[in-house]
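Residue strings, one per chain:
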Amino acid sequence: MKDLFRLSRYHWLFLFLVMAFCAFATAFLSFQLINIAMANLEFIATHGLMGIVDGGLLQFLSILTKGFLIVTLYFCFKGMEAELLQRWRRIDR
């Protein structure tokens, strides 16, 4: 399992494709998250406690989960970016 997270063992093209997927997913989920969060806040502000009971709290927990997923995808992107830049700098020497 430890060997799975060692990025130096993967081909550069695979890392680049996964990095591109992470960037796309981060951007898409972030845009979607903003829209859902604004709608959730408006729903709770309009309906108050009854809105929380009717699903506002569950939707808020879903928003938090998506936020953690976005942060995880961003960290994956940055890790692969750092590995690819390190390899690129080694080629120049």
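Residues numbered from 1 in each chain as written. Predicted model: local features only at pLDDT ≥ 70, side-chain atom pairs only at ≥ 80, totals over all residues. Heavy atoms only, no water.

Focus: the state of the cysteines
A full pass over the atoms with the stated rule returns zero disulfides. With no disulfide of its own, Cys 22 lies 4.9 Å from the sulfur of Cys 76, the closest cysteine sulfur. (Disulfide = S-S within 2.5 Å.)

Overview of the environment of Gln 86
With respect to the helices, strands and loops of the structure, Gln 86 is situated in helix H1 (residues 12–91). Take Gln 86: its relative accessible area is 43%, and that puts it in the partly exposed class. Each C-alpha atom, one on Gln 86 and one on Ile 52, is 48 Å from the other, the two residues being 34 residues apart in sequence. (Helix = DSSP H or I, 4+ residues; strand = E, 2+ residues; numbered from the N terminus. Buried < 20%, exposed > 50% of the residue type's maximum accessible area, 1.4 Å probe, protein only.)

Some points on the UniProt feature "transmembrane region" (unreviewed entry) in the protein
Mapped onto this numbering, the UniProt entry annotates "transmembrane region" (unreviewed entry) at residues 12–37 and 57–77. End C-alpha to end C-alpha, residues 57–77 measures 30 Å, and it is 100% helix and 0% strand. (UniProt positions renumbered as here; feature names shortened; annotations may be inferred.)

Considering the side chain of Arg 87
Inspection of the secondary structure assignment puts Arg 87 in helix H1. Looking at Arg 87, the relative accessible area reads 16%, which means it is buried. A distance of 2.7 Å separates a polar atom in the side chain of Arg 87 from the backbone oxygen of Tyr 10. There is a polar contact of 3.0 Å between the side chain of Arg 87 and the side chain of Glu 83. Setting aside anything within four residues of it in sequence, one finds Arg 87 in contact with Leu 7, Ser 8, Arg 9, Tyr 10, His 11, Trp 12 and Leu 15. (Polar contact = N/O pair within 3.5 Å; in protein donor to acceptor, adjacent residues only side chain to side chain. Contact = heavy atoms within 4.5 Å.)

Some details on a nonpolar patch on the surface
Side chains of Leu 49, Met 50, Ile 52, Val 53, Leu 57, Phe 60, Leu 61, Leu 64 and Phe 68 sit close together on the surface and give an oily, nonpolar patch of about 920 Å² of accessible area. In this structure, Ile 52 sits in helix H1. (Patch = residues over 30% accessible without salt bridge, like charges linked within 9 Å, V, L, I, M, F, W, Y side chains within 5 Å. Areas by Shrake-Rupley, 256 points an atom, 1.4 Å probe, with all protein chains shown as cover. Salt bridge = Lys/Arg side-chain N within 4 Å of Asp/Glu carboxyl O.)

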